[in-house]
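Chains, contacts and geometry: an overview
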Amino acid sequence: MNILLREAVRYFCTFAHFSYCNTMNIPESLDLSRLPKHIAIIMDGNGRWAKERGEDRVYGHYEGVVSVRSIVDACGKVGIGYLTLYAFSAENWNRPKAEVDALMELLVNTIRKEVDELKKNNVKLHVIGDFESLPESCKKELNEAREITSSNTGLNLILALSYSSRGEITAATRRIAAKVAKGELSPEDITDAVVEKHLYTSDYPDPELMIRTSGEYRISNFLLYQLAYSELYFSDVHWPDFREPNLYDALINYQQRERRFGKTSEQIQMTKPTEVKGDDE
Ligand code: IPE
Ligand code: IPE
Ligand code: MG
């Protein structure tokens, strides 16, 4: 990645406004009483989006921030409780150093720039992942933003940074094993609830909907435990083009699914008395 481009991005991040105006009306076909509480998104395709335009990959990351803003706003607008964004995986450290540095810089600048808006929009920021592995400047900015937004009560925005689901499960296992070794917990007492309590996500419900953009059909080490019963939605749209209307499409698609949790369709229909009654009338 050339130095000039990085400097241009640095300049842009410091002075430009990332605002993306969500102007569309919420589609009538979206039932606001049946939204998922928690949406998780693998924001993929920034690099390809930039390459298709003959640009450096970092340009795609920059434009991806505008999509983040649009989706965060849209989630707040419809009343989603939790939005987890996969922003940087533990495996992403293996990318070229120049791209990693540019991503970390973009993270710092974006948080610094957006924190007032998050505060104003009642968004509470959270971070999951290997926090200590992040550069000091990122940790500082993230800690401040968490503090500033800590009393907000609207959308919980959870950034997955330096995140590895296997790492999370391994760390949880280690902590549980330590408690057993100390005699604080017996093996028989290790239930699903105990495991969940030791994950980064212990304070959040599991995502009902997981979206991955850019046409890849894989999970890439994201929330492997928590996605056990999530509905999966794959979009061919690259992340920098994924905006408010695309989110509504995903939500409308989600509402057309029947979530069975191992039961039969007939059983599920029986437990939806109002809808079944409505159908009979
Ligand atoms: C997602 O876009 C952003 C991060 C992983 C940080 P990519 O950078 O993976 O874009 P593609 O998949 O190479 O197009
Ligand atoms: C997953 O995307 C990680 C993030 C979106 C942050 P990647 O682009 O890194 O995933 P793979 O390598 O294609 O599986
Ligand atoms: Mg990718």
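Everything here concerns the structure above.
These remarks concern the structure in this document. (Residues numbered from 1 in each chain as written. Chains lettered and ligands numbered in written order. Predicted model: local features only at pLDDT ≥ 70, side-chain atom pairs only at ≥ 80, totals over all residues. Heavy atoms only, no water.)

A few points about the nonpolar core
Core analysis: the largest hydrophobic core is formed by 45 residues, its most contacted members being I39, L83 and L142. Considering each element in turn, this core owes the most residues, eight residues, to helix α4 (residues 97-120). L142 has contacts with L107, I111, L125, V127, F131, L134, L159 and L161, leaving out every residue within four places of it along the chain. Counting residues in each nonpolar core, the second largest holds 13 residues, with A40, I42, Y163 and Y204 among its members. (Core = buried A, V, L, I, M, F, W, Y, C linked by side-chain atoms within 4.5 Å. Buried < 20%, exposed > 50% of the residue type's maximum accessible area, 1.4 Å probe, protein only. Helix = DSSP H or I, 4+ residues; strand = E, 2+ residues; numbered from the N terminus. Contact = heavy atoms within 4.5 Å.)

Quick notes on the site of ligand 1
Taken together, the neighbourhood of ligand 1 is formed by M43, D44, G45, N46, G47, R48, R57, H61, A87, N92, R95 and L103. A distance of 2.7 Å separates an oxygen atom of ligand 1 from a polar atom in the side chain of R48. In this structure, an oxygen atom belonging to ligand 1 sits 2.7 Å away from a side-chain N or O atom of R95. The protein chains hide 87% of the 380 Å² of surface that ligand 1 would expose on its own. For the shell around ligand 1, the elements supplying multiple residues, two or more each, are α2 (46-52) and α3 (57-78). Residue contributions to the shell around ligand 1 peak at three residues, all from α2. A per-class count over the shell around ligand 1 returns three nonpolar, five polar and four charged. (Near = heavy atom within 4 Å. Polar contact = N/O pair within 3.5 Å; in protein donor to acceptor, adjacent residues only side chain to side chain. Areas by Shrake-Rupley, 256 points an atom, 1.4 Å probe, with all protein chains shown as cover. Nonpolar A, V, L, I, M, F, W, Y, C, P; charged D, E, K, R; others polar.)

Here's the deal with α4
Compared with the 34 Å implied by 1.5 Å per residue over 24 residues, the 35 Å span of α4 between its first and last C-alpha is a close match. Its maximal kink placed at E114, α4 deviates by approximately 45°. In the stretch just after α4, N122 is the one whose phi turns positive, near 65°. (Expected span 1.5 Å × (residues − 1). Bend = angle between axes of the 7 residues up to and from the residue.)

Thoughts on the site of ligand 2
Looking at ligand 2, the residues that line it are I42, M43, D44, Y86, A87, F88, S89, N92, R95, R212, R218 and S220. Within the side chain of D44, an N or O atom sits 3.1 Å from an oxygen atom of ligand 2. The contact in question runs from an oxygen atom of ligand 2 to an N or O atom on the side chain of R212, over 3.3 Å. Expressed as a share of its isolated accessible area of 390 Å², the protein-covered part of ligand 2 is 78%. A majority-of-atoms criterion places ligand 2 in the largest pocket. If one sorts the elements of the shell around ligand 2 by residue count, strand β2 (residues 82-89) sits on top with four residues. (1 Å grid on protein atoms, 1.4 Å probe; cavity = no way out; pocket = protein on both sides within 12 Å on 5 of 7 lines; lining within 4 Å. Sits in = over half its atoms within 2 Å of the grid points.)

What about the layout of surface pockets?
Roughly 890 Å³ of volume is contained in the largest pocket. Every residue lining the largest pocket is counted, 43 residues in all, and those nearest its centre are M43, N46, Y86, A87 and F88. If you list the elements that add at least two residues to the lining of the largest pocket, you get α2, α3, β2, α4 and β4 (156-163). Top contributing element to the lining of the largest pocket by residue count: α4, with nine residues. Residues belonging to the lining of the largest pocket are distributed by class as follows: 21 nonpolar, 11 polar and 11 charged. When its volume is computed, the second largest pocket comes out at roughly 390 Å³. In terms of lining, the second largest pocket is formed by 16 residues, of which the most central are R34, Y254, R257, R259 and K272. The residue inventory of the lining of the second largest pocket, partitioned by class, reads five nonpolar, three polar and eight charged. (Points joined across faces, edges and corners; volume = space filled by probe spheres on them.)

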